[in-house]
Amino acid sequence: MNPRSHALISTPGAEETVGVGDAARSLKLAATKFSGSFDNWDVRDHELQFSYDVYENIGVVEVEGQLRSLDSQATLENVPAGEWEATVLIKFENNQCFRAEWRVGGGTNVECHADWSPQESNVTYDETSKAMEEATGVRPLLFRVDSDHFNCAGTKIIGSNKMKWVRLSLGVIRLKEPGDVTFAMSLVGNGWVRSIHFGDVELRAAGIGREKEKLLMMCLEGKASAEHCPLQELPTEMIRKVSRFLISPWHSTLVLDHGCE
């Protein structure tokens, strides 16, 4: 499957928000911008190696071997305030034996670990999540896979999508203020882990879309008819408050922040 036409798949906890993001209004960071390292059974502390997938015509990070561990992260800087659907493009080949954790959070201090119990494999918010939210004001996202735990939803997702590119929707992250957003992953191998491909991480704007946003702006300027925009009959200040609620990601403008002259 070409990654440009991949399936968008919900992870646990993201079922109600999968697909709300607009792929045409997104912030993306290619896997070749990831940082991190991995250990295998022979040599420790390898830097991530970047390869080129000639069949899919994209730059990817490909990790092969009998892994002990893999840690990687990618940060999108200066993300506008608003709501964003967080996704990661990935491909697994064959059967994998590992335990992994993905987190998405505000700022750059996003920590992952793989020492949770099998009973916690379907958890989407834990004590680490709570600490991160208290520190940043941004509720983080969490997704886990445990190949030894057959009731793990993440294991079922990976197992049913082997050998093809898929985009995992990890949920919607909400920024009250502009800031950095970091994707992090930690993996511990329980055996042979072969050919994990990372394509990119992407934040998709989860607002109302350009056309409706344009109509709201026309309402604020008094240029929209009540027939096309019933909000036009409301006071300008009320329209401004409604616009702040609907337009996401939020972009500060003279009209929205200071009103019309």
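What you see is a predicted model; the values in this text were computed from it and never measured.

Scoring rules and cut-offs
- All residue numbers here refer to positions counted from 1 along the written sequence of the relevant chain.
- Local features are withheld for residues below a pLDDT of 70 in this predicted model, meaning they are given only at 70 or higher, and side-chain atom pairs are given and counted only at 80 or more; totals for whole chains, interfaces and linings count all residues.
- In computing side-chain values, all of the structure's heavy atoms are included and hydrogens and water are not.
- Numbering of helices and strands runs from the N terminus, with a helix taken as a DSSP run of H or I at least four residues long and a strand as a DSSP run of E at least two residues long.
- Two N or O atoms count as a polar contact when they lie within 3.5 Å, although within protein this holds only if one can serve as hydrogen donor and the other as acceptor, and sequence-adjacent residues are included solely when both atoms are side-chain atoms.
- Here the term buried applies to any residue with accessible area under 20% of the maximum for its type, exposed to any over 50%, and partly exposed to those in between, with areas from a 1.4 Å probe on protein chains only.
- Paired strands, as defined in this entry, are two strands with at least two bridges between them according to DSSP.
- Stacked, edge-to-face and tilted are the three classes for Phe, Tyr and Trp ring pairs, Trp counted by its six-membered ring, which pair at centre distances within 6.5 Å; planes under 30 degrees apart are stacked, over 60 edge-to-face, the rest tilted.
- Our definition puts a charge over a ring when NZ of Lys or CZ of Arg is within 6 Å of the ring centre and also within 35 degrees of the ring normal.
- In these notes, a set of buried Ala, Val, Leu, Ile, Met, Phe, Trp, Tyr and Cys residues joined through side-chain atoms within 4.5 Å is what counts as a nonpolar core.
- In what follows, a contact means two residues having at least one pair of non-hydrogen atoms within 4.5 Å.
- For this document, the term salt bridge refers to a Lys or Arg side-chain nitrogen within 4 Å of an Asp or Glu carboxyl oxygen.

*Asks:* So what exactly am I meant to see when it comes to the side chain of glutamate 85 here?
*Replies:* Within the element layout of this structure, glutamate 85 appears in strand β8 (residues 82-92). From its side chain, glutamate 85 meets the backbone nitrogen of glycine 21 in a polar contact 2.7 Å long. Separated by 2.7 Å, the side chains of glutamate 85 and serine 169 make a polar contact.

*Asks:* Looking at this structure, I do not really get the pairing of strand β10 (residues 141-146). What am I missing?
*Replies:* Summarising burial for β10: six of the six residues are buried, a large majority. Burial of the side chains of β10 extends over both faces: Leu141, Phe143 and Val145 are buried on one face and Leu142, Arg144 and Asp146 on the other. Note: strand β9 (residues 98-106) against β10, six bridges, orientation antiparallel. Paired with valine 104 across the two strands is leucine 141, which belongs to β10.

*Asks:* What should I look at first to understand the packing of aromatic side chains in this one?
*Replies:* Two measures describe an aromatic ring pair: the distance that separates the ring centres and the angle between the ring planes. Within the structure shown, the criterion is met by one aromatic pair. Sitting over the face of the ring of tryptophan 116, arginine 99 holds its NZ or CZ atom 4.4 Å from the ring centroid. A cation sits over an aromatic face here: arginine 139 above tyrosine 125, 4.0 Å from the ring centre.

*Asks:* Explain helix α1 (residues 127-136) here, please?
*Replies:* Residues spaced three or four apart along an α-helix face the same direction, because each turn holds 3.6 residues. Its side-chain oxygen at 3.2 Å from the backbone nitrogen of threonine 128, aspartate 126 defines the N-terminal cap of α1. Of the residues flanking the end of α1, it is glycine 137, one or two places downstream, whose phi is positive at about 80 degrees.

*Asks:* Help me understand the nonpolar core in this model?
*Replies:* The nonpolar side chains of soluble globular proteins are, as a tendency, buried together. Leu168, Phe183 and Leu203 are the most contacted members of the largest nonpolar core, which has 37 residues in total. Listed by contribution, the elements that provide at least two residues to this core are β7 (67-79), β8, β9, β10, α2 (153-159), β11 (166-175), β12 (179-189) and β13 (193-205). Judged by nonpolar contacts, the second largest core, of six residues, contains Cys219, Leu220, Ala224 and Cys229.

*Asks:* Can you help me understand the environment of leucine 168 in this one?
*Replies:* Residue placement: leucine 168 occurs in strand β11. Residues leucine 168 and serine 10 lie 158 residues apart in sequence; the distance between their C-alpha atoms is 6.0 Å. Apart from residues lying up to four places away in sequence, leucine 168 is in contact with Ile9, Thr11, Ala86, Thr87, Val88, Ile90, Phe143 and Ile157.

*Asks:* Quick question: what am I supposed to make of the pattern of salt bridges here?
*Replies:* Any two side chains of opposite charge can pair, on the condition that their charged atoms come close. Throughout the structure, instances matching the rule amount to 12 salt bridges. The closest approach of N and O atoms between aspartate 22 and arginine 25, which form a salt bridge, is 3.4 Å. Looking at arginine 25, the relative accessible area reads 13%, which means it is buried. Ionic pairing is found between glutamate 202 and arginine 167, a salt bridge with its closest N-O pair at 3.5 Å. In this pair, glutamate 202 sits in strand β13 while arginine 167 sits in strand β11, placing the two residues 35 residues apart along the sequence. The class for glutamate 202 is buried, based on a relative accessible area of 2%. Taken together, the shared-partner salt bridges in this structure form one network comprising Lys28, Arg167, Asp200, Glu202 and Arg204.

Geometric descriptors of this kind do not, in isolation, establish any biological role.
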